[in-house]
Each structure stands twice: as structure tokens, then as C-alpha cells.
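# Structural overview for review
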Amino acid sequence: MAQKIQAIRGMNDVLPAESHQWEYFETVLRGWLHDYGYQNIRTPIVESTPLFVRSIGEVTDIVEKEMYSFTDGLNNEPLTLRPEGTAGTLRAVVEHNLLYNTTQKLWYMGPMFRHERPQKGRYRQFHQIGVEALGMNGPDIDAEIVAMTAELWRRLGLAGSVRLEINTLGNKDERAAHREALIKYLEGHLDILDEDGKRRLYSNPLRVLDTKNPALQEMANGAPRLIDYLGEESRRHYEGWKSLIAALGIEYVENPRLVRGLDYYNQSVFEWVTTELGSQGTVCAGGRYDGLIEQLGGKPAPGIGFGMGMERVLLLLAEKGLLPQRRTVDAFIVNQGEGAAAYAMQLAQQLRQAGMSVVQHMGDASFKSQMKKADGSGAAVALIIGENEVSAGQVVVKPLRAEQAQETVAAANVVATVSRFKAE
Ligand code: ATP
Ligand code: MG
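In what follows, the accompanying structure is described. (Residues numbered from 1 in each chain as written. Chains lettered and ligands numbered in written order. Predicted model: local features only at pLDDT ≥ 70, side-chain atom pairs only at ≥ 80, totals over all residues. Heavy atoms only, no water.)

Let's shift gears to the overall build of the protein chain. Across its full length, the protein chain holds 16 helices and 16 strands. Expected size for 424 residues packed as a compact globule is a radius of gyration near 22 Å; at 28 Å, the protein chain overshoots this value by more than 25%. Judged by the C-alpha coordinates and their principal axes, the protein chain covers about 90 × 60 × 45 Å. Across the 424 residues that make up the protein chain, the buried fraction comes to 51%. (Helix = DSSP H or I, 4+ residues; strand = E, 2+ residues; numbered from the N terminus. Rg over C-alpha atoms; globule rule 2.2 N^0.38 Å. Buried < 20%, exposed > 50% of the residue type's maximum accessible area, 1.4 Å probe, protein only.)

Here is the structure:
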């Protein structure tokens, strides 16, 4: 036997036993996105590498060590499997001029790729659902985005399992002033800075505060806070955002150390976190990125969005027992004997055209073994067809989930009979 080829580490198959859970989640997501007026955008999974370097930032975990980058040997072009969805979406918006005299509310969903150490809630291929609201200054849209995510938790039954953390990153000038003070502060703690901290000291000091190293927590907590460097406008934006969120009755925690792992954010940033998934606790993260569109060659326009890790939400739903049972069909057709297959196929078509889901047993097998399969399929009823039924123009309808006797009905009445037992 030839040697088996396996999937890439950290890249998972979703098998039928689980895929219905994804389908359930996606159905809820689609309805929710539509309710908030978002439209779907689908961009390629591969983009040119400089797009991500320029938008995510040179000195970030993603660009420094997580990207799947390669050279397209045919034309010597540097390419990357997308590690997130915002860069590609904005690239497309600029390329197709989607903000010409208008605003946009866009959503995307699909696989993202990051070369990280695989563990629970962290994979090398994972899936994000994300939205981008473009051309709006906020803070009203900033609040709607937060309210929208809160509504999703409510619809999924997760409202009690996640907590909202918010912060503001101010504007460019405010960050520059804070940065100067921060570097000074960090220089005073050179002796305890770890390798990451030293490397980022001058390139991205804000990210030093984002450290997960317990030895640095106290130092990070005492660092100059960006919020103390905010000017009037940024302060007003932040206060406006908070009062709108509060008016909607959404609870939040202000976390002055929330800086996000990507460089493009400014003003409002937020995360939804849970304590129920170990250290992979952030299920949704987002913020404002007013300079990004211009940075990608577009006419300046503000933007705000978020990305949600679908696997993490699904893990949380599973943990809480909030995922549906597998979907089953309405009817399973057991058939055997002269003319039974053709008769069964016609009947199956009629049922499907009437809105029912039907599996017909294919191939020869005894009634007994077909009945076993019918039972295992989870179908609401078995429709039994032998030679007698074919010649009499009838079908035996046997309820499989309800304690009811089987009935023999005329073929013309099968739709009405099965619909009485229809699976939901
Ligand atoms: P983390 O701090 O967990 O590494 P991040 O800041 O890198 O997250 P973002 O780039 O903001 O994450 O992506 C948005 C969301 O996508 C995260 O909040 C998380 O839910 C999910 N996510 C990010 N990386 C992974 C991964 N490798 N596997 C699964 N989900 C991920
Ligand atoms: Mg990360």
C-alpha cells in the first residue's frame, strides 16, 4: 500500500460529524450580518506580500514570524497566504473605488493562515468572520459595531460567557508624544526587559505593554498611559463611544493596556474575551483604522472593523452545550424488488419538490439491513417500497421517532403523510 499523506500540522479537516455545527453558526452569522446592513465581499486568499507588510506593520508578530510567504516562481512575485482579512478587503475597496461618494459596510468569512504553535484555539489555518465599516467617522458606528457583536452573543446564547474590553489609541500625534515618554520609561527598566521587549523598545514600544510575560506585568502596569496624552478631539471620541455603549446597556471594562497586535489601529479598540478557553481567550477583536485606506493608496477615508475567530466561538459554544444536534433528513426510502428503485426515485423527487429532504437507499440489500440504515440516518420516517407496493401504487410509511403504528398510503398521499412527521 502506498504511504498515506496527511494534512498539514495545525490545519484541520472539518468532518461531517462537525460540519453541521459550522453550518449552524454560519446561518446565524449570515442573518445577523444582513440585519445590520452588511454586504459580503470575497477576496483572494493569496495577496502580494507587501500588502500585509505595509498594513499590518513590519514589527508585529504576524509579519515578523507568522506569515506563510513564498515566491511565485513563474514571475518571481512575493506572495502571502492572507493572515487576516482587513488588508485584502481594503485593497479591493481601493482597487475598485468602492468608496467613491459613498460609504460601505462589508463582511467577509473564510480561512486565514498564520504559522503559530498549534494548540487549543490556535491553529495555522483558522477561520475569521470579519466586518469593515468604511467612510464613517464615529463614534456612532464604533458603538453600533460593539452593539452588533453583543447581539451576536445574545443570539448564540453566549452573552454571559464573554466580556467586553475597550481602550483608545488616540491619533498619530498623541501616540508619538506618548511613545517618547514610554521609551524613556522603558529605558529605565532595561534590566528587566525580555528579548522581545528590548527588540521592540524603539521600533514598537506600545507592543511591549502588550507582553504576556508575567515578570513584566508590574513594569507594564506602571508605564505612562496613552489616555493621559489624548487631545480634546480624541477624548471626545472616546467619551462619545463609551456613553453610547453605556446607553445601550452594554457592560464594558476599560483596559488601558489593550493595544492590539496590528499597527493600523487608532482611536477605538476593543476585544471580547472569555475565561473559558484557557489562554486563547480573545474571541473577537477590532478597532478603528483611519489612516489605513490612505496608506494603501486610496483617498483618505476612516474605517473600523473587527475579526472574530470562528473556531474559538465554536469551542465556546461546544463547551456550553449550545451546538445543535446533527441535521437529519425527513424520510429514508427503503426499496427492494422488481420496479421498486424507479418507483422510489419518482416518489423521492415528488417529496423533494414539496420541500422535504429524502435519502433513498441505493443498491441491493435486505429489508432488514435497509431498515437499520433508515434508523441510523436519523430520518423521521422510513418509506417502505416492495413489489406489492409498486403494483398497488402504495407506500408503507413507518414513523421512526414517534411511537406510532405504520400506515399504508396511496402514493398520491405520501407528501401529506410525511409532512406530518417532518424533521425540523
Ligand atoms: P492572539 O492574541 O490570540 O494571538 P491576535 O491578536 O493575533 O490574537 P487578531 O489578529 O486580532 O488576533 O485576530 C482576530 C481573532 O482571530 C482573534 O481574536 C482570535 O479569535 C482569532 N485568531 C487569531 N489567530 C488565531 C489562530 N492562530 N487560530 C485561531 N484563531 C485565531
Ligand atoms: Mg496572534
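And the narrative resumes.
Bringing the packing of aromatic side chains into the picture now. Counting across every chain of the model gives six aromatic pairs. A centroid spacing of 5.9 Å and a plane angle of 70 degrees characterise the contact between Trp 153 and Trp 272, whose relative ring orientation is edge-to-face. Here Trp 153, found in helix α5 (residues 140–156), pairs with Trp 272, found in strand β9 (residues 266–273); they are 119 residues apart in sequence, far enough to count as distant. An identical accessibility class is assigned to Trp 153 and Trp 272; each is buried. Here the aromatic rings of Tyr 264 and Tyr 265 are separated by 4.9 Å at their centres, their planes lie at 55 degrees, and the arrangement is tilted. With a relative accessible area of 5%, Tyr 265 lands in the buried category. (Phe/Tyr/Trp six-rings, centres within 6.5 Å; stacked < 30°, edge-to-face > 60°.)

It is worth spelling out the site of ligand 1 at this point. Around ligand 1 there are 16 residues in total, and Arg 114, Glu 116, Arg 122, Arg 260 and Thr 282 lie nearest to it. Residue Val 283 places a main-chain N or O atom 3.4 Å away from an oxygen atom belonging to ligand 1. Arg 312 places a side-chain nitrogen or oxygen 3.1 Å from an oxygen atom of ligand 1. Here ligand 1, which alone exposes 580 Å², has 90% of that area covered by the protein. Secondary-structure elements contributing two or more residues to the shell around ligand 1 are β6 (125–134), β10 (282–288) and β11 (303–309). In terms of residues, the shell around ligand 1 owes the most to one element, β10, which gives three residues. Class assignment of the residues belonging to the shell around ligand 1 gives a composition of five nonpolar, five polar and six charged. (Near = heavy atom within 4 Å. Polar contact = N/O pair within 3.5 Å; in protein donor to acceptor, adjacent residues only side chain to side chain. Areas by Shrake-Rupley, 256 points an atom, 1.4 Å probe, with all protein chains shown as cover. Nonpolar A, V, L, I, M, F, W, Y, C, P; charged D, E, K, R; others polar.)

The next thing to look at is a nonpolar patch on the surface. A grouping of Ile 45, Val 46 and Phe 70 is seen on the molecular surface, where their side chains present a nonpolar patch of about 220 Å² in accessible area. For Ile 45, the position within the fold is in the loop between β1 (39–40) and β2 (46–48). (Patch = residues over 30% accessible without salt bridge, like charges linked within 9 Å, V, L, I, M, F, W, Y side chains within 5 Å. Salt bridge = Lys/Arg side-chain N within 4 Å of Asp/Glu carboxyl O.)

Rolled over the atoms, a probe sized like a water molecule indicates the empty space that remains. Space inside the second largest pocket adds up to approximately 710 Å³. If you go around the second largest pocket, you meet 31 residues; those closest to its centre are Lys 172, Arg 175, Asp 263, Tyr 264 and Tyr 265. Secondary-structure elements contributing two or more residues to the lining of the second largest pocket are α2 (49–56), α6 (172–187), α8 (205–208) and α11 (292–295). Among the elements that make up the lining of the second largest pocket, the one with the highest residue count is α6 (six residues). In terms of residue class, the lining of the second largest pocket is built from 12 nonpolar, nine polar and 10 charged. (1 Å grid on protein atoms, 1.4 Å probe; cavity = no way out; pocket = protein on both sides within 12 Å on 5 of 7 lines; lining within 4 Å. Points joined across faces, edges and corners; volume = space filled by probe spheres on them.)

With that settled, the discussion passes to the environment of Ser 69. Within the secondary structure, Ser 69 sits in strand β3 (residues 69–72). On the accessibility criterion, Ser 69 (43% relative accessible area) is partly exposed. For Ser 69 and Leu 79, which are 10 residues apart along the polypeptide, the C-alpha to C-alpha distance reads 5.6 Å. Excluding residues within four positions of it along the chain, Ser 69 makes contact with Thr 49, Leu 79 and Thr 80. A distance of 2.8 Å separates polar atoms of two side chains, one belonging to Ser 69 and the other to Thr 80. (Contact = heavy atoms within 4.5 Å.)

A few words on the pattern of salt bridges. Taken as a whole and assessed by the stated rule, the structure comprises 24 salt bridges. A salt bridge links Asp 61 to Lys 65; the shortest N-O distance between them is 3.6 Å. Here the residue Asp 61 and the residue Lys 65 both occupy positions in helix α3 (residues 61–66), the gap between them amounting to four residues, near one helical turn. When its relative accessible area of 48% is taken as the criterion, Lys 65 is described as partly exposed. Note that Asp 228 is salt-bridged to Arg 225, the shortest N-O span being 3.4 Å. Beyond isolated ion pairs, a larger network of salt bridges with shared partners links Asp 61, Glu 64, Lys 65, Asp 196, Arg 199, Arg 200 and Arg 207.

Looking now at the sheet that holds β2. Here we have three strands laid out as an open sheet, ordered β2-β4-β3, and antiparallel in their pairing. Each having just a single partner strand, β2 and β3 make up the two edges of the open sheet. Going across the sheet, the axis of each strand differs from the next one's by a mean of 40 degrees, ignoring polarity. Here β2 runs beside strand β4 (residues 77–81); their pairing, made up of three bridges, is antiparallel. (Pairing = 2+ DSSP bridges. Axes fitted to C-alpha atoms, helices over the stretch in contact; angles between N-to-C directions.)

A few words on the nonpolar core. Counting 88 residues, the largest nonpolar core has Trp 153, Phe 270 and Trp 272 as its most contacted members. Of the residues forming this core, the biggest block, 10 residues, is contributed by α5. Ranked by size, the runner-up nonpolar core spans 20 residues in total, among them Ile 333, Ala 340, Leu 351 and Val 395. (Core = buried A, V, L, I, M, F, W, Y, C linked by side-chain atoms within 4.5 Å.)

This part covers the packing of helix α13 (residues 340–353) against helix α16 (residues 414–421). Orientation of α13 relative to α16, taken along the N-to-C sense of each, is 60 degrees, at an axis distance of 10 Å. Taken together, the axes of α13 and α16 lie oblique to each other. Both α13 and α16 take part in a crossing whose hand is right-handed. Mapping the contact onto sequence places Leu 347, Gln 350 and Leu 351 in α13 and Val 414, Val 415 and Val 418 in α16. (Parallel < 35°, antiparallel > 145°, perpendicular 65-115°, else oblique. Left-handed = near helix turned anticlockwise from the far one by under 90°.)

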